[in-house]
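Below are the chains, spelled out letter by letter.
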Amino acid sequence: AEAKATEALGLARAAGFQAQTEALGQSATALVAVANAVADGHITVVPEVLVTGGGGAIEGLAATLMRTLGTGNNSNGANGDRPSAPEVVEPGAIEAPST
């Protein structure tokens, strides 16, 4: 019964996409699909961590470190969870390692 329901849902979606493509065209239909994916949280548009500063290697490393520490993993929000607002790290907040 579940397989039949899944098949019916897939066929209904296919018919809907076909009708939308005929009405709007392929480009507009693709744009609508992308907008829906962004709205559903399946595509991350903004960075999860924002590091402001000179843009050097240390800032990039700091961004990666903050993302890893902040989320506990390298998830990009593709698991269905909505990504959180980007974290802002001010210049000078992270010191470069002394050599």
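Definitions and cut-offs
Residues numbered from 1 in each chain as written. Predicted model: local features only at pLDDT ≥ 70, side-chain atom pairs only at ≥ 80, totals over all residues. Heavy atoms only, no water. Helix = DSSP H or I, 4+ residues; strand = E, 2+ residues; numbered from the N terminus. Buried < 20%, exposed > 50% of the residue type's maximum accessible area, 1.4 Å probe, protein only. Contact = heavy atoms within 4.5 Å. Areas by Shrake-Rupley, 256 points an atom, 1.4 Å probe, with all protein chains shown as cover. pLDDT = per-residue confidence, 0-100. Polar contact = N/O pair within 3.5 Å; in protein donor to acceptor, adjacent residues only side chain to side chain. Expected span 1.5 Å × (residues − 1). Axes fitted to C-alpha atoms, helices over the stretch in contact; angles between N-to-C directions. Parallel < 35°, antiparallel > 145°, perpendicular 65-115°, else oblique. Nonpolar A, V, L, I, M, F, W, Y, C, P; charged D, E, K, R; others polar.

**Q** So what's going on with the overall build of the chain? Which residues, and what values?
**A** For the chain, the helix and strand inventory stands at 3 helices and 2 strands. Helices and strands in the chain line up, N terminus first, as α-α-β-α-β. Looking at the chain as a whole, 9% of its 99 residues qualify as buried. Here the contacts in the chain between residues at least 6 apart in sequence split such that 59% fall between residues at least 24 apart. Taken as a whole, the chain presents about 7,400 Å² of accessible surface, with 60% of it coming from carbon and sulfur.

**Q** I'd like a description of the confidence of the model for the chain, backed by residues and values.
**A** Within the chain, residue pLDDT values average 75, and 63% of them lie at 70 or more. When mean pLDDT is compared element by element in the chain, helix α1 (residues 2–24) scores highest at 91, while strand β2 (residues 87–89) scores lowest at 61.

**Q** Give a description of the side chain of Thr29 that names residues and reports values.
**A** Note on placement: Thr29 falls in helix α2 (residues 26–39). Looking at Thr29, the relative accessible area reads 8%, which means it is buried. Only 2.8 Å separates the side chain of Thr29 from the backbone oxygen of Gly25, close enough to count as a polar contact. Other than its neighbours up to four places away in sequence, Thr29 contacts Phe17, Gln20, Thr21 and Leu24.

**Q** Now, about α2: what can you tell me, with residues and values included?
**A** Counted at 1.5 Å a residue, the expected span for α2 with its 14 residues is 20 Å, and the 20 Å between its end C-alpha atoms agrees. Of the residues one or two after α2, Gly41 is the one with positive phi, at around 85°.

**Q** An account of the packing of α1 against α2 is requested, with residue identities and associated values reported.
**A** Between α1 and α2, whose axes approach to 7 Å, the crossing angle comes to 125°. Viewed along their axes, α1 and α2 adopt a mutual orientation that is oblique. On the side of α1, the interface is formed by Phe17, Gln20, Thr21 and Leu24, while α2 contributes Gln26, Ala28, Thr29 and Val32. Considered class by class, the residues forming the contact of α1 with α2 number 4 nonpolar, 4 polar and no charged.

**Q** So, α1: which residues are in play, and what are the values?
**A** The end-to-end C-alpha separation of α1 is 32 Å, in line with the 33 Å expected for 23 residues at 1.5 Å each. One or two positions beyond α1, positive phi appears at Gly25, with a value near 100°.

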